[in-house]
Amino acid sequence: MKFGLFYEHQLPRPWDADSEHRLVQEALDQIEYADRLGIEYVWEVEHHFLEEYSHSSAPEVFLAAASQRTKQMRLGHGIIQTAPGYNHPVRTAERVAMLDLVSGGRAEFGSGESSSEAELGGFGIDPAVKRDQWLEGLQVAIRAMTEDPFTGHEGTFASIPPRNVVPKPMQKPHPPLWVACSRRDTILLAAEKGIGALAFAFIDPEEARHWVDDYTAVMAEKCVPVGKAVNHNIACVTPMMCAPTEDEAIAMGLEGGNFFGYSLAHYYVFGDHVPGHTDVWQEFIAKRDQMGYSPEAAIAAKKEVLGAQVASGDTSGLRGAVGTPHQIREYLRRYEEAGVDQVIFVMQAGRNRHEDIMSSLELFAAEVLPEFKERDPAASAAKAARIAPIVEAALARRVDDTPPLPEGYVMRAIPKAMVEAVDSDEGRQFLDQMAEKSAVGDEDGLSNLLGGPPP
């Protein structure tokens, strides 16, 4: 089993002029350190307008910066919102390919829909068709990354003429595909499409086992890959903070993890929000006891065996891998036994301190990580052999229905198109002369042809 870090770039109020800059720079420091320690992945979200919960609207920029401060770590879009209303599919393809090139082939292409009114309403996307938009945007982006040339697309949400989209990614046929999954139905959709599942739901290992089994069964039975390669992997997300004692770990990380859960629900489930005015952190502080997010309640409910949640009154707060090295080791072994391929840690959450995140990473790498890294190569090889027939059968079901390049299609420069439209021999002669003089670098001739040098 492998491990990753997950970044929303949370920033509870109040802010100052340097808050966002400091947040991002500390995240890059954490990622650079985690790479040296042997953490294999980093995942960066794309969100818009979700103040306090996520200040990560340009993940391709952040991941590109991270690529220059790491050597081995895989750089995951977790996720790109691929609906054309958010991102033009060609721009998605171009950004993923460039990230793959600047990182030396370390990009991971996660996609998703979003379900918040802040984002859907902000970009004018009808919730009823957001999944259709996600799929069309993903399909076209994959084609744009892999076709030479891209032969064009006429769809419900995007119309794109033939073009050769460059650059192409370093990884062939394309970087591994993932999709954000928060429910069982999206896990099954991922399996049907041959995509890795980023399970952004806080589930216990025993529940994850059912998701893994269902995912594999559906992939074996009816997977028709959306891409040109199959990614049979499931990743689960959990809060994490590692400290010598349980009380220290809870003090370092539980409040941040619970703000993560509260602020997510604020935007996606129960919140009213006035842009630029609503203070989500203060709402969290005021409501956390009644909502079950109290750190004091968590301390009172301490238990040797960790779970995704910790009982607190009538509801539950997030706990996950917040504990001692021994507790975390035992908790993660259960995910490993369930067949989960990667556990992704939420550490930069709420007001969790940079120093605590760094010390937690160091302790985790020293006392927990080594045994998992030692087992992973053999386990990964055994899994690859086990699922090879499933992948082969899935790819055999895939039909390449890419349209051909339209017969006689040409992409004509605008001045030449204007000349052809009026059928001007004089205009053709002028353009031919321009081509000849440009080919030999005749700047004086070009100036004379254009009526003298520019003013």
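In this numbering scheme, every chain counts its residues from 1 along its sequence in written order. Reporting in this predicted model follows two pLDDT cut-offs: at least 70 for local features of residues, and 80 or more for side-chain atom pairs to be given and counted; totals over whole chains, interfaces and linings ignore these cut-offs and use all residues. Where side-chain values are given, they derive from all heavy atoms of the structure, hydrogens and water being excluded.

A.B. asks: Is there a simple way to think about a nonpolar patch on the surface in this case?
C.D. replies: Side chains of M98, L101, V102 and M170 sit close together on the surface and give an oily, nonpolar patch of about 340 Å² of accessible area. Considering the arrangement of structural elements, one finds V102 in helix α3 (residues 89-102). Only residues whose relative accessible area exceeds 30% and that take part in no salt bridge are eligible for patches, with like-charged residues grouped when within 9 Å of each other and nonpolar side chains (Val, Leu, Ile, Met, Phe, Trp, Tyr) grouped when within 5 Å. Per-residue and other accessible areas follow the Shrake-Rupley method at a 1.4 Å probe size, with only the shown protein chains counted as cover for residues. Salt bridges are counted wherever a side-chain nitrogen of Lys or Arg sits within 4 Å of a carboxyl oxygen of Asp or Glu. In this text, helices come from DSSP runs of H or I with a minimum length of four residues, and strands from runs of E with a minimum of two, each type numbered from the N-terminal end.

A.B. asks: Which parts of the structure should I look at to understand the nonpolar core?
C.D. replies: As a rule of thumb, soluble globular proteins bury nonpolar side chains together. Counting 88 residues, the largest nonpolar core has F3, L332, Y335, F345 and F364 as the members making the most contacts within it. Per-element tally for this core: the top contributor is helix α5 (residues 130-146), with 8 residues. A contact between two residues is defined here by any heavy atoms of the two lying within 4.5 Å. Among residues more than four places away in sequence, those in contact with F364 are F3, I39, M240, C242, I328, L332, F345 and L369. Take the buried residues of types Ala, Val, Leu, Ile, Met, Phe, Trp, Tyr and Cys, join any two whose side-chain atoms come within 4.5 Å, and each joined set is a nonpolar core. Relative accessibility decides the category of a residue: with a 1.4 Å probe and only protein chains considered, values under 20% of the type maximum give buried, values over 50% give exposed, and everything between is partly exposed. Residues F6, L50, F259 and Y262 belong to the second largest nonpolar core, which totals 21 residues.

A.B. asks: How should the pairing of strand β2 (residues 41-44) be read in this particular structure?
C.D. replies: For a regular strand, the rule is simple: side chains alternate between the two faces of the sheet. Residue alternation in β2 divides its side chains into two sets, Y41 and W43 and V42 and E44, and both sets are buried. In terms of strand pairing, strand β1 (residues 2-7) meets β2 through 4 bridges, oriented parallel. The residue bridging F6 from the neighbouring strand is W43, located in β2. Note that β2 and strand β3 (residues 74-81) share 4 bridges and pair parallel. Bridge pairing in β3 places E44 opposite H77. When DSSP locates at least two bridges between a pair of strands, those strands are taken to pair.

A.B. asks: Just to check I follow, could you spell out the packing of helix α1 (residues 19-37) against helix α2 (residues 59-67) for this structure?
C.D. replies: Each pair of packed helices gets described by two things: the angle between the helix axes and the distance between those axes. Relative to each other, α1 and α2 sit at 45 degrees, their axes nearing to 10 Å. With respect to each other, α1 and α2 are oriented oblique. As for how α1 packs across α2, the hand of that crossing is right-handed. Across the interface between the two elements, V24, A27, L28 and I31 from α1 touch F62, A65 and A66 from α2. Three classes are used: nonpolar for Ala, Val, Leu, Ile, Met, Phe, Trp, Tyr, Cys and Pro, charged for Asp, Glu, Lys and Arg, and polar for all others, with Gly counted as polar. Looking at the contact of α1 with α2 residue by residue, the class counts come to 7 nonpolar, no polar and no charged. Axes, fitted as lines to C-alpha atoms, cover a helix only where it is in contact. Angles between the N-to-C directions of the axes lie from 0 to 180 degrees. For classification, angles of less than 35 degrees are called roughly parallel, those exceeding 145 degrees roughly antiparallel, those between 65 and 115 degrees roughly perpendicular, and all remaining angles oblique. By definition, any crossing whose near helix is turned counterclockwise from its far helix by less than a right angle is left-handed, and any crossing with a clockwise turn is right-handed.

A.B. asks: Explanation requested: helix α13 (residues 369-397) in the structure shown.
C.D. replies: Along an α-helix, a turn takes 3.6 residues, which lines up residues three or four apart on a common side. In this analysis, the expected span of each helix is defined as 1.5 Å times one less than the number of residues it contains. The terminal C-alpha atoms of α13, which comprises 29 residues, lie 39 Å apart, in line with the 42 Å expected from a rise of 1.5 Å per residue. Within α13 the residues assigned to the buried category are L369, E371, F372, D376, K383, I387, I390, V391 and A394.

A.B. asks: Where do I start with the packing of aromatic side chains in this structure?
C.D. replies: Note on aromatic pairs: each is described by the distance of the centres and the angle between the planes. Only centres within 6.5 Å qualify two rings of Phe, Tyr or Trp (six-membered ring in Trp) as a pair; their planes then separate them into stacked at under 30 degrees, edge-to-face at over 60, and tilted for everything else. Scanning all chains against the criterion turns up 20 aromatic pairs. Aromatic side chains F6 and F200 sit 5.1 Å apart centroid to centroid with 50 degrees between the ring planes, which places their arrangement in the tilted category. Placement of the pair is F6 in strand β1 and F200 in the loop between β8 (196-199) and α7 (205-222), with a sequence separation of 194 residues. Overall, the relative accessible area of 22% leaves F200 in the partly exposed class. Seen in terms of ring centroids, Y41 and W43 are 5.8 Å apart; in terms of plane orientation they differ by 0 degrees. Their pairing is stacked. Grouping residues by exposure puts Y41 and W43 together as buried. An aromatic cluster of three or more residues is present, and its members are F6, Y53, F200, F202, F260 and Y268. Comment: the charge-over-ring label is applied if NZ (Lys) or CZ (Arg) is within 6 Å of the ring centre and within 35 degrees of the ring normal. Looking at R13, its charged tip hangs above the ring of W15, at a distance of 4.3 Å from the centre. Taking NZ or CZ as reference, R375 lies 5.0 Å from the ring centre of F372, over its face.

A.B. asks: Any chance you could explain unusual backbone geometry here in plain terms?
C.D. replies: Glycine aside, the phi torsion of most residues is negative, and most peptide linkages are trans. Put simply, G78 and I79 share a cis peptide bond, and its omega is 25 degrees. Within the secondary structure, I79 is located in strand β3. Here D148 and P149 are connected by a cis peptide whose omega angle stands at 10 degrees. As for its position among the elements, P149 is in the loop between α5 and β5 (153-154). Here H9, not a glycine, exhibits a phi torsion of approximately 60 degrees, which is positive. Its place among the elements puts H9 in the loop between β1 and α1. Phi is positive for D423, close to 55 degrees, though the residue is something other than glycine. Its location among the elements puts D423 in the loop between α14 (414-422) and α15 (425-439).

A.B. asks: What exactly am I supposed to notice about the pattern of salt bridges here?
C.D. replies: When their charged atoms lie close together, side chains carrying opposite charge are able to pair. For the structure shown, the criterion picks out 33 salt bridges. Salt-bridge contacts for E192 lead to K222; the nearest nitrogen and oxygen are separated by 3.7 Å. With E192 in helix α6 (residues 184-193) and K222 in helix α7, this residue pair connects regions lying 30 residues apart in the sequence. E192 sits in the partly exposed class, given a relative accessible area of 28%. When its relative accessible area of 42% is taken as the criterion, K222 is described as partly exposed.

A.B. asks: Help me understand the environment of I414, please; the structure alone is not making it clear to me.
C.D. replies: By the element assignment, I414 lies in helix α14. When its relative accessible area of 65% is taken as the criterion, I414 is described as exposed.

A.B. asks: So what exactly am I meant to see when it comes to the environment of S56 here?
C.D. replies: Within the secondary structure, S56 sits in the loop between β2 and α2. Note on S56: relative accessible area 4%, which makes it buried. Residues S56 and E46 lie 10 residues apart in sequence; the distance between their C-alpha atoms is 5.7 Å. Residues within four places of S56 in sequence aside, it is in contact with E8, H9, E44, V45, E46 and H47. Any pair of N or O atoms that falls within 3.5 Å is considered a polar contact. Within protein, one atom must be able to donate a hydrogen and the other to accept it, and sequence-neighbouring residues count only if both atoms are side-chain atoms. In terms of polar contacts, S56 uses its side chain to reach the side chain of E44, at 2.6 Å. Here the side chain of S56 touches V45 through a polar contact of 2.8 Å, landing on its backbone oxygen.

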